[in-house]
Structures are given as structure tokens and as C-alpha cells.
Amino acid sequence: MAQFPQLVFSGVQPTGNFHLGNYLGALVKFVDLQRSFDCVYCVVDLHAITMPQDPVELTKNIREVTAAFIASGVDVKKNIVFNQSQVAEHAELAWVFNCVARIGWLNRMTQFKEKAGKDRENASVGLYAYPTLMAADILVYRATHVPVGEDQKQHLELTRDVAQKFNNDFSGSIAARGHGDAFFPLPEPVIQGPATRVMSLRDGSKKMSKSDASDYSRINLSDDADQIAQKFRKAKTDPDALPSEVAGLAGRPEADNLVGVFAALNETTKEAVLRDFGGQNFSAFKAALIDLAVARLGPVGAEMKRLQADAAYIDGVLRDGAQRASAIARANMAAVKDILGFIR
Ligand code: AMP
Ligand code: TRP
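None of the values given here were measured: they were computed from a predicted structure.

A. Quick look at the site of ligand 2. In the region of ligand 2, 13 residues are neighbours, and Gln 13, Tyr 130, Met 134, Asp 137 and Gln 152 sit closest. Between ligand 2 and Asp 137 there is a distance of 2.7 Å, counted from a nitrogen atom to a side-chain nitrogen or oxygen. Alone, ligand 2 offers 370 Å² of accessible surface; in the complex the protein occludes 91% of this. Structurally, ligand 2 is housed in the largest pocket.

Structure follows, in C-alpha cells:
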């Protein structure tokens, strides 16, 4: 297949309660990757409205995610940071992909089943078509690498299937227009490290989520030191001491989760954490975890608050990013229209 220039794309929904799972699963990687790649980071507000949103809250949440990007160290000059609804080509390419993807593919998506719940007939059409919009987000930039948490793996596979089917279905037109044997790359997920799936602090079998009714299930980036300490202190554990080896975490989801979070925050491995804490009880380990989390997250939360107070600055970042994103998206969308045989 043709070679594509390396480009990173990822998106985060502005749905409030930005939490430790988002931070470790996505943001930390966004910051890492900007050292070696050109990156496009998007606040996916069109995805947010697949579920009911209050307009005032949505505006606030778009700024919250943008502030989280910047406070975590995303460089908005080097990279492109913007909100999805300002670049119309996302929705335009999503329509094309609705006509490429098969109903059977979407029927397999587990996130739709989770979010739609029992009353599937009453879910929005947008929630069902969500993955084709996500494919469009990535492919409208012809991005090659996508840092996400474990929960997005299936959507990335669908994105690759859409890209592959488009390349196959229109191979003649793609070649005739000088794009070689493929117009879209098959983007690779970047899912690695000790915290690709951070679990709820109340239940080690459920992932940490924005929508969990209990605020004690998650650490929000907006939590202060006292809240962080209290939530970790109350976090569910088991009665045993920590094992000295990773194998000893099997069947102990809460212990496994806290060790993974420690490792990720300390930029080390679970093995290294257990070398230091193996044999110790949870109260000693939690005290160290609280110190580490407060030291690492405290400054991010404080910077987010400072940035969120300056809406004009945040909105300016998004507008500038949208202009730069549009330039790429417009050119790629024009090529897609030519490939499809549309007149423009
Ligand atoms: P969302 O808020 O659903 O748009 O998610 C934003 C990013 O955070 C995506 O890359 C998700 O995969 C990631 N993410 C969400 N929840 C978790 C979690 N509990 N553990 C790890 N990554 C997560
Ligand atoms: N579906 C992703 C989530 O819920 C958010 C998202 C939308 C995304 N478009 C994307 C992630 C493109 C990566 C690339 O977390």
C-alpha cells in the first residue's frame, strides 16, 4: 500500500467530568506523541450531541476539555487543537462513510449497545452512526496514528474497515486521479502502557466513566487535593497485602487498577511499583498514591481553572486551530468528491 506521511489524530468528547482515565488513557499520550509527530487534537462536540446535552453545559465542557489539553502540556502552536463542529468536512465525510460502512458492522459496536441501553428503539440515529463520524474525524486528515484508551479499539477497527472498503470500492477512480493504490491510510491505534483502561474506584470490574452516578468512582481533573485524597482513601480494595509480582494481581481487579494508576502517574511499570510496595498493606500504598496523584494532578487542575476563567483565550485557540484544520480537511474532501465523481 501507498506510504502516507505520519500524522496523529485523536478526539475527546466534551461531556463533563473529565477524569483520571481520560488523562492517563489519552492526554498523557497526546503530550508524548507531540515530540515525534505532527498532531491534530479535536474536541468532538458533534459526537457529544449523540446523547442529550444542555447547551450551556456543552459550551462550558468544550472549554473544559480544551483547557485540559493545554494544562496537560499540549502545545497549541505546534499542534492543531480545535472543536469538531467548526470544520464542516467532518460531517460531510461522515455522510460518505455512512454509505460505505455496512449496517452489520455498526450492529456489532459494543459502545452503542452500552450507551443505548435497553431502550434501543429510542436511541438517536446519531448515536448509532457515531463510529462513521469517528472514522471521518480521523480520515479527513488521512491520519496514521490514533492514541486512545482500550475502549476505542473496536471503533478504530471499524475505521480501518471503512478506509479499506473505500480504497477497494473506488480503486479505479483513486488510481486514475493519481493517488496510487489507496486514498486513505489504515490508521493504527496507539494503546499502550499500564493505564489503557482505568477502572472505577468503587468497582474494579467497571471502567472509570464520566457518566457513573457516584463521583467517588472517579478522580476528576478538577478535584482539589482533599477530594483526591478522600476518593483514594475510600477506594475499594481487598484485605490482602500487595503482591511482589504482577502475576499476583490476577483476580484482584481493584489492586491491579490502583497499581496501574500508580505506575502510569509515576511513569514506570507495574513490576517496578510492586518491587517497591510488594508485601505492604493498602493504607501505606494509598498514602504514597495520594501524594503522587496530588503532586501530578494538582498543578494540571489549577492550570485548567486558570485557563477556563479566560474564555476569550480558549475560544481563540479553537478558532485558530479550526482554520488550520480546515485547510487540510478541505483539500482531502475535495479529492474525495473527485474520486466519487461529484461535480464541484
Ligand atoms: P471520551 O471522554 O469518551 O471521549 O474519552 C476520551 C479518551 O479517554 C478516549 O481516548 C478514551 O479511550 C479514553 N478513556 C475514557 N475512559 C477511560 C478509562 N476509564 N481508562 C482509560 N482511558 C479512558
Ligand atoms: N469515540 C471517542 C471516545 O468516546 C472520541 C472520538 C471521536 C475519537 N472521534 C475520535 C477518538 C477520533 C479518536 C479519534 O472516546
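B. Inspection of the site of ligand 1 at higher detail. What surrounds ligand 1 is a group of 17 residues, the closest being Gln 13, Gly 149, Asp 151, Val 198 and Lys 210. At 3.0 Å from a nitrogen atom of ligand 1 is found a main-chain nitrogen or oxygen belonging to Met 208. Burial of ligand 1 by the protein chains amounts to 92% of its free accessible area of 480 Å². One can see that ligand 1 is located within the largest pocket. In terms of residue class, the shell around ligand 1 is built from six nonpolar, eight polar and three charged.

C. View of empty space enclosed by the protein. Per the stated rule, a full pass over the model turns up one cavity of 30 Å³ or more. Its boundaries defined by the atoms lining it, the largest cavity holds a volume of some 40 Å³. In terms of lining, the largest cavity is formed by Met 109, Gln 111, Phe 112, Lys 115, Leu 127, Tyr 130, Pro 131 and His 155. If you list the elements that add at least two residues to the lining of the largest cavity, you get helix 6 (110–116) and helix 7 (125–139). Of the residues contributing to the lining of the largest cavity, the split by class is five nonpolar, two polar and one charged.

About the cut-offs
- Residues numbered from 1 in each chain as written.
- Chains lettered and ligands numbered in written order.
- Predicted model: local features only at pLDDT ≥ 70, side-chain atom pairs only at ≥ 80, totals over all residues.
- Heavy atoms only, no water.
- Near = heavy atom within 4 Å.
- Polar contact = N/O pair within 3.5 Å; in protein donor to acceptor, adjacent residues only side chain to side chain.
- Areas by Shrake-Rupley, 256 points an atom, 1.4 Å probe, with all protein chains shown as cover.
- 1 Å grid on protein atoms, 1.4 Å probe; cavity = no way out; pocket = protein on both sides within 12 Å on 5 of 7 lines; lining within 4 Å.
- Sits in = over half its atoms within 2 Å of the grid points.
- Nonpolar A, V, L, I, M, F, W, Y, C, P; charged D, E, K, R; others polar.
- Points joined across faces, edges and corners; volume = space filled by probe spheres on them.
- Helix = DSSP H or I, 4+ residues; strand = E, 2+ residues; numbered from the N terminus.

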